[in-house]
Amino acid sequence: MKLDIIAGARPNFMKIAPIIATLEKVTDKIQYRLIHTGQHYDKKMSGSFFEQLGIPKPHVNLEVGSGTQAEQTARIMERYEALLLKESADWVLVVGDVTSTMACSIAAKKLGMGVIHVEGGIRSNDITMPEEINRMVTDAITDVFYTTSEVANENLRKLGHDESKIRYVGNTMIDTLLKNKLRFIKPKAWNDYQLKEKQYFVMTLHRPANVDEESKLKNLIDEIVKGAREMPIIFPVHPRTAKILKGIGIEAENLHMIEPLGYLEFNYLVQHAFAVITDSGGITEETTVLKVPCMTLRDNTERPETITIGTNELVGTNPDNIAPFMKKLHQGEWKAGDIPYLWDGHTSKRIVDDLLKL
Ligand code: UD1
């Protein structure tokens, strides 16, 4: 069996790492080719994840680089199709919800290949998010879904997908988290800002809805700085957010903006934090498993189990919502949380066992 594995942007890399490590044990049966689309290309957004997570050098890099949604989609489709026309595969395995996920699924499916979607079926029901469109399009042409939750299974059933296509296997991001937990690295910021165990916040913001409008971003950050009650806030800034922040010039004594961190450094900070504030989906899964309180600055989530089971709360994007959640946190009244079923570190093994039967 010839299998193409697609990775394009930062949140893909921790999802493919354990699948590839497991595939390495069965290369006599499954020949895989790792394709990096080049959607993310910086060392900080891409290279360091390959190094730290031991992901082999991609067989092919499509080097598409940055662009608008349509430009990136078009470039990825053109270049991946050209590669397939030279040397095809039987199946393409895509993960998550980024532009590379959707673009490669379409190119492969139109050439008659089977599509495997890891993390299929999740929905925010917010069509203004590019990721939601990527999920809907990818799932519409997927042949095999590997899912992370019963909610995802139910979404797929409602869409009319046959039960035989849906395989509830758990979460490959958590395979990576549990495998690396003892290797997390204390980042330089720890000493630079004299951080103390459970006495600082970690914050990440990069969703267009939060960061693309200067005044909105400023109001959100001002409210968070106030709510932190002088505790340090470590804010590794995504390139998209950095561009906007330059124009605003926010300063506060307890707000520390730093460059994006490597996987091992970032999760060290998360593991030892008092709480995390984010608009990322993946981070809410990691805080759930690490049992760190998490506030999500979004109005919806495609990962409801991080709230119903885990330590996450949906705060919304209105700055006025932040104070009551901060109060709860400072009063030590945050929920303890539990870990969703099958988020156990063995998901990639279940996926590869199943791939061998395709
Ligand atoms: C993408 C994903 C999002 C994911 C996020 C994680 C889509 C639609 N969105 O959003 O789901 O949560 O990645 O980071 O696929 N840039 C760099 N260096 C890089 C890559 C990008 O400086 O290595 C800059 C680009 O020039 C661009 C900005 O960062 O201005 C945004 O990059 P882009 O790939 O368009 O989307 P993200 O916002 O990162």
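See the structure printed just above.
These notes cover the structure that comes with them. Predicted, not measured: the structure shown is a model, and the values here were computed from it.

Further remarks concern a nonpolar patch on the surface. A contiguous nonpolar patch, built from Ile127, Ile133 and Met136 and spanning about 260 Å² of accessible area, is present on the exposed surface. By secondary structure assignment, the location of Ile127 is in the loop between β5 (114-118) and α5 (130-140). Judged by relative accessible area, which is 51%, Ile127 ranks as exposed.

Here seven strands make up an open sheet; going across it, the order is β3-β2-β1-β4-β5-β6-β7 and the pairing parallel. Strands with a single pairing partner mark the edges of an open sheet, and in this sheet they are β3 (60-61) and β7 (166-168). For β5 and strand β6 (residues 144-147), the ladder comprises three bridges, and the chain directions are parallel. Its bridge partner being in β6, Val118 is matched across the sheet by Tyr146. Each of β1 (2-7), β4 (91-95) and β5 is contacted by helix α4 (residues 99-110), which is oriented at about 165° to β4, the strand it contacts most.

The strand order across the open sheet built from six strands is β10-β9-β8-β11-β12-β13, with neighbouring strands paired in parallel fashion. Each edge of the open sheet is held by one strand with a lone partner, namely β10 (255-258) and β13 (312-314). On average, adjacent strands in this sheet sit at an angle of 20° to one another, irrespective of strand direction. In this sheet, β13 lies alongside strand β12 (residues 294-296) in parallel orientation, the contact comprising three bridges. Paired with Met295 across the two strands is Glu313, which belongs to β13.

Here the focus is helix α6 (residues 150-158). Of the positions making up α6, those classed as buried are Ala152, Asn153, Asn155 and Leu156. Projected down its long axis, α6 shows its buried positions confined to an angular sector of 160°, all on one face. Those residues of α6 that are buried lie in contact with α5, β6 and β7. Taken from the residues just after α6, Gly160 is the one with a positive phi, measuring 90°.

So, on to the pairing of strand β2 (residues 31-36). Taken residue by residue, a regular strand's side chains alternate between the two faces of the sheet. Extensive coverage of β2 is indicated by the burial of five of its six residues. The parallel pair β1 and β2, bridged by helix α1 (residues 10-23), forms a crossover whose chirality is right-handed. As paired elements, β2 and β3 share two bridges and run parallel to each other. Within β3, the position partnered with His36 by the bridge is Asn61. Remark: the β2/helix α2 (residues 43-53)/β3 crossover connection has right-handed handedness.

Our focus in this paragraph is the side chain of Arg298. Tracing the sequence through the fold places Arg298 in the loop between β12 and α14 (305-308). We classify Arg298 as buried; its relative accessible area is 5%. Among all residues touching Arg298, those that are not within four sequence positions of it are Ser124, Met129, Arg207, Asp279, Gly281, Leu314, Val315, Gly316 and Thr317.

Turning next to the packing of helix α12 (residues 263-271) against helix α13 (residues 282-290). Helix-helix packing is characterised by the crossing angle of the two axes and by the distance between the axes. Two numbers describe how α12 lies on α13: the axes approach to 10 Å, and their chain directions differ by 55°. Between α12 and α13, the interaxial angle falls into the category oblique. Between α12 and α13 lies a crossing whose hand is right-handed. Every residue of α13 that contacts α12 at Tyr263, Phe266, Asn267, Val270 and Gln271 is listed here: Ile283, Glu286, Thr287 and Leu290. In terms of residue class, the contact of α12 with α13 is built from five nonpolar, three polar and one charged.

On to the site of the ligand, then. If you check the shell around the ligand, you find 21 residues, and the closest are Gln39, His40, Tyr41, Glu131 and Lys243. Backbone polar atom of Tyr41 to an oxygen atom of the ligand: 2.9 Å apart, as the coordinates give it. With respect to the ligand, the side chain of Lys243 contributes an N or O atom lying 2.4 Å from an oxygen atom. Computed on the free molecule, the ligand has an accessible area of 750 Å², of which 88% lies beneath the protein chains in the complex. Judged by its atoms lying within 2 Å of the grid points, the ligand is housed in the largest pocket. Only α1, α3 (69-86), α5 and α11 (239-248) provide two or more residues apiece to the shell around the ligand.

Parameters and conventions
Residues numbered from 1 in each chain as written. Predicted model: local features only at pLDDT ≥ 70, side-chain atom pairs only at ≥ 80, totals over all residues. Heavy atoms only, no water. Patch = residues over 30% accessible without salt bridge, like charges linked within 9 Å, V, L, I, M, F, W, Y side chains within 5 Å. Areas by Shrake-Rupley, 256 points an atom, 1.4 Å probe, with all protein chains shown as cover. Salt bridge = Lys/Arg side-chain N within 4 Å of Asp/Glu carboxyl O. Helix = DSSP H or I, 4+ residues; strand = E, 2+ residues; numbered from the N terminus. Buried < 20%, exposed > 50% of the residue type's maximum accessible area, 1.4 Å probe, protein only. Pairing = 2+ DSSP bridges. Contact = heavy atoms within 4.5 Å. Axes fitted to C-alpha atoms, helices over the stretch in contact; angles between N-to-C directions. Arc of directions from axis to C-beta. Right-handed = clockwise from strand over helix to strand, strands pointing away. Parallel < 35°, antiparallel > 145°, perpendicular 65-115°, else oblique. Left-handed = near helix turned anticlockwise from the far one by under 90°. Nonpolar A, V, L, I, M, F, W, Y, C, P; charged D, E, K, R; others polar. Near = heavy atom within 4 Å. Polar contact = N/O pair within 3.5 Å; in protein donor to acceptor, adjacent residues only side chain to side chain. 1 Å grid on protein atoms, 1.4 Å probe; cavity = no way out; pocket = protein on both sides within 12 Å on 5 of 7 lines; lining within 4 Å. Sits in = over half its atoms within 2 Å of the grid points.

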